[in-house]
Amino acid sequence: MKIDSTDNQILTHLQNDGRLSNVELAEHIHLSASPCLRRVKQLENAGVIKHYRAALERKKVGLSMTVFIEVGLNNHTSEASDDFEKSVMNLPNVISAYLVSGHADYRLEIVAKDLTDYEGILKTIQNLPHVKDIHSNFAIRAIKSDAPLPI
């Protein structure tokens, strides 16, 4: 799908407020409601818009800690990576996970209630398949997070 400037405007507005009605969105981008809805549906069907969800304030839902964990695996076979990645997908406190280059193999973003909660999460990660070492970095304060994509 080729994304044009009107599609970019739609995507920008929806990233900033996913609850905009189709009529409100159409007004923002100076388009009538039917073509606007058609474009949104095309973007959804093409997988450009993956889903809609509410952005929650972590501290207000009891998740006051953010920790970035770098994980090294004990071997680098496809099977080891697949096993580890499948296991990470089942951990609800892991809110993002990346295969990275450098001294670690993976970088995980973890949310926890407190240090005791984090300790339990850490033990779970230590017991995942093929984990060799872990390094944790505790976030002191978020400067910028959940920003819209710069399209």
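Note that the coordinates shown come from a computational prediction; the quantities given were computed from them, not determined experimentally.

Student: Explain the environment of Ala 142 to me, and be specific about the residues and the numbers.
Tutor: Looking at the secondary structure, you find Ala 142 in the segment after strand E4 (131-138). Take Ala 142: its relative accessible area is 61%, and that puts it in the exposed class. Residues Ala 142 and Asn 22 lie 120 residues apart in sequence; the distance between their C-alpha atoms is 32 Å.

Student: Provide a residue-level description of the packing of helix H1 (residues 5-16) against helix H3 (residues 33-45), including the pertinent values.
Tutor: The interhelical angle for the contact between H1 and H3, taken along N-to-C directions, is 80°, at an axis separation of 11 Å. Our classification of the angle between H1 and H3 gives roughly perpendicular. Packed against H1, whose contacting residues are Thr 6, Asp 7, Ile 10, Leu 11 and Leu 14, the element H3 presents Cys 36, Arg 39, Val 40 and Leu 43 at the interface. Of the residues that constitute the contact of H1 with H3, the class distribution is six nonpolar, one polar and two charged.

Student: Give me H3: which residues, what numbers.
Tutor: Helix length check: H3 (13 residues) gives 18 Å between terminal C-alpha atoms against 18 Å at 1.5 Å per residue, within 8%. Turning to H3, its buried residues are Cys 36, Val 40 and Leu 43. Down the axis of H3, the smallest arc covering the buried residues is 60°, so these residues share one side. The exposed set on the far side of H3, more than 90 degrees from its buried face, consists of Ser 34, Arg 38 and Asn 45. Its buried side turned inward, H3 meets H1 and helix H2 (22-28). Where H3 ends, the next residue or the one after it, Gly 47, has phi of about 80°, a positive value.

Student: How would you explain the packing of aromatic side chains if you had to name every residue and give the values?
Tutor: Following the criterion strictly, the structure yields two aromatic pairs and no others. A ring pair is formed by Phe 84 and Tyr 106, whose centres lie 4.7 Å apart and whose planes are at 45°; its orientation type is tilted. In this pair, Phe 84 sits in helix H4 (residues 78-89) while Tyr 106 sits in strand E3 (residues 106-112), placing the two residues 22 residues apart along the sequence. Grouping residues by exposure puts Phe 84 and Tyr 106 together as buried. With a centroid separation of 5.2 Å and an interplanar angle of 70°, the aromatic rings of Tyr 118 and Phe 138 are classed as edge-to-face. A residue pair is termed long-range when its members are at least 10 positions apart, and Tyr 118 in helix H5 (residues 115-126) and Phe 138 in strand E4 qualify at 20 residues. Residue class for Tyr 118 comes out buried when judged on its relative accessible area of 5%. You can call Phe 138 partly exposed: its relative accessible area is 39%.

The rules behind the values
Residues numbered from 1 in each chain as written. Predicted model: local features only at pLDDT ≥ 70, side-chain atom pairs only at ≥ 80, totals over all residues. Heavy atoms only, no water. Helix = DSSP H or I, 4+ residues; strand = E, 2+ residues; numbered from the N terminus. Buried < 20%, exposed > 50% of the residue type's maximum accessible area, 1.4 Å probe, protein only. Axes fitted to C-alpha atoms, helices over the stretch in contact; angles between N-to-C directions. Parallel < 35°, antiparallel > 145°, perpendicular 65-115°, else oblique. Contact = heavy atoms within 4.5 Å. Nonpolar A, V, L, I, M, F, W, Y, C, P; charged D, E, K, R; others polar. Expected span 1.5 Å × (residues − 1). Arc of directions from axis to C-beta. Phe/Tyr/Trp six-rings, centres within 6.5 Å; stacked < 30°, edge-to-face > 60°.

From the geometry alone we can't say anything about function, so treat these as descriptive.
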